[in-house]
Amino acid sequence: MTAAIQARTIRALSVAFVVAVNVSCTAVGPDYVRPRVAVPLAYKEAAPGGKLAQPRDASAQGRWWEIYADHQLDALVGQLNAANPSIHAAEARVRQARALAEAARAAQSATLSAGGTNDLGLLASWEIDLWGRIRRSVESSGAAAEASAADLAAAKLSLQAQLVQNYFLLRVQDAEIRLVQDTVAAYERSLQLTRNQYAVGVAARAEVVLAQAQLGTAQAQMLDARVVRAQLEHAIAVLIGKAPADFSVTVAPIEVNVPAAPPALPSDLLERRPDIAAAERRMAATSAQIGEAEAASYPSISLFVGGSIRHSVGGARVAMPVFDAGATRAQSAKAGAVYEEAFAEYRQTVLNGFREVEDNLAALRLLEEAAAAQDEVVRAARDSMIITNNQYQAGIVSYLSLAVVQASALASERAALDNLRRRLVASVTLIKALGGGWVAEAPKAAKD
């Protein structure tokens, strides 16, 4: 192609661009405005009169798990972020959504093709976006890409919370295994003492059988506890992208304290939860799709210009919908209904968020009160077991009396561990319900 032909083609494209800019000033369909939802002024289950205090620097950076000050946990979450397959899949979906948004933006530009059967030349075409169909498509795909990014953040937060909960459950399980191991050792000593007493005629055969049964029950409980620990360890392995055979967590005492609930207001939830942000962005995408559907009922104009060594051509194509048996109107109605569905799902997501926060605020507050009461029960049970064990060794009480006290002490210790387990789970779930320190980015303008 000669330089003259190229120049004519470029001039024609420039004219087409100027025409498109001057006429493309209308976009049919509603301009999206984020709808209002009812937001309470304060959480119902927050501690009355108490200030919700907690370090904010870690959670503000999204590294909310660091508030528990456990270096092994920090390392495990780092491995999850880097190697979890579900996170990789979500990241791939974000890249797909962004590619679709780029493709939609590309439709705003002219297409240029080269070649032909007999003569080499250039052919350029440009659809004038008279009614904003392309701009609504860009708006919709951009909002969908932002929703996908928020979905990724929500997936990460959910998996992080799952890992942290499993880790704490495993540590509590370690404590329970140690408790039952100590109990088994105590029951073995009691059984031996009872056998000795039976041998000299002090104890009855029934007391020996009772001691054996009590020991067997404790041994079975220890095996059950080890099964649960193994399953938790396997779950953590999969979360960090490893086969269970290639991963283990060494036994260690649980040293974490349940932190205070992080400060937050209900109004913050709309900006701090990625699932709410994703639902809102999907609502914005469906709003733009209404305009896309409505634009299909208007005429479309495309400019084209081409040039070759011998000649150049140019013109416009006009397409006017005449009769489609109501298909276009049906598509518009469908787009409106899709938006209404997205709006309803957004409201439901917000309500579920408020419920999750309230649930776990209540759980933490009430379980903390229960923990204080349970600690008193544990102390009393330990004292009672010491006294009763001394009485049994002195021959003052029967083994049945000792067995009852021992079983009660074990039950109270396990109840205290269960309370700790539930408080840690509620603590993690609350932080997750509050968004885990994630903050929504301002949506990009459609024109960008």
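Bear in mind the structure is a predicted one, so any value in this text is a computation, not a measurement.

Criteria and cut-off values
- Residues numbered from 1 in each chain as written.
- Predicted model: local features only at pLDDT ≥ 70, side-chain atom pairs only at ≥ 80, totals over all residues.
- Heavy atoms only, no water.
- Helix = DSSP H or I, 4+ residues; strand = E, 2+ residues; numbered from the N terminus.
- Buried < 20%, exposed > 50% of the residue type's maximum accessible area, 1.4 Å probe, protein only.
- Contact = heavy atoms within 4.5 Å.
- Areas by Shrake-Rupley, 256 points an atom, 1.4 Å probe, with all protein chains shown as cover.
- Core = buried A, V, L, I, M, F, W, Y, C linked by side-chain atoms within 4.5 Å.
- Phe/Tyr/Trp six-rings, centres within 6.5 Å; stacked < 30°, edge-to-face > 60°.
- Axes fitted to C-alpha atoms, helices over the stretch in contact; angles between N-to-C directions.
- Parallel < 35°, antiparallel > 145°, perpendicular 65-115°, else oblique.
- Left-handed = near helix turned anticlockwise from the far one by under 90°.
- Nonpolar A, V, L, I, M, F, W, Y, C, P; charged D, E, K, R; others polar.

J.: Explain the overall build of the chain here, please?
T.: Assigned secondary structure in the chain consists of 10 helices and 4 strands. Across the chain, helices and strands are ordered from the amino to the carboxyl terminus as α-α-α-α-β-β-α-α-α-α-β-β-α-α. Burial status across the chain gives 41% buried among its 448 residues. Relative to all contacts within the chain whose residues are 6 or more apart in sequence, the contacts with residues 24 or more apart total 83%. Accessible surface computed for the chain: about 23,500 Å², of which carbon and sulfur atoms make up 57%.

J.: Would you mind showing me how to read the nonpolar core here?
T.: Counting residues in hydrophobic clusters, the biggest one holds 79 residues, and the most contacted among them are Trp64, Tyr68, Leu163, Val164, Phe168, Tyr346 and Val357. Counting residues per element, the ones that place at least two in this core are helix 3 (71-83), helix 4 (85-106), helix 5 (133-199), helix 6 (205-239), helix 7 (269-272), helix 8 (274-295), helix 9 (327-393) and helix 10 (399-433). Apart from the residues lying within four places of it in its own chain, the contact partners of Phe168 are Tyr68, Leu73, Ile254, Val256, Leu424 and Val428.

J.: What is the right way to read the environment of Gly216 from this model?
T.: The topology assignment puts Gly216 in helix 6. Since its relative accessible area comes to 30%, Gly216 is described here as partly exposed. In sequence terms Gly216 and Glu188 are 28 residues apart; their C-alpha atoms lie 9.7 Å from each other.

J.: Whenever I open this one, the packing of aromatic side chains confuses me. Can you help?
T.: The description of two aromatic rings rests on the distance between their centres and on the angle between their planes. Counted under the stated rule, the structure contains 4 aromatic pairs. On the basis of an interplanar angle of 55° and a centroid distance of 5.9 Å, the ring pair of Tyr167 and Phe168 is categorised as tilted. By the burial criterion, Tyr167 is buried, and Phe168 matches it. Counting every residue linked through ring pairs, the aromatic cluster contains Tyr68, Tyr167 and Phe168.

J.: What am I meant to see in the packing of helix 6 against helix 10 here?
T.: The angle between the axes and the distance between the axes are what describe a pair of packed helices. Running from amino to carboxyl end, helix 6 crosses helix 10 at an angle of 15°, the nearest separation of the two axes being 10 Å. In terms of orientation, helix 6 and helix 10 fall into the roughly parallel class. Handedness of the crossing formed by helix 6 with helix 10: left-handed. Facing helix 6, whose interface residues are Glu207, Leu210, Ala211, Gln214 and Gln221, helix 10 presents Tyr399, Leu400, Ala403, Gln406, Ala407, Leu410 and Arg414. For the contact of helix 6 with helix 10, the class distribution of residues is 7 nonpolar, 3 polar and 2 charged.

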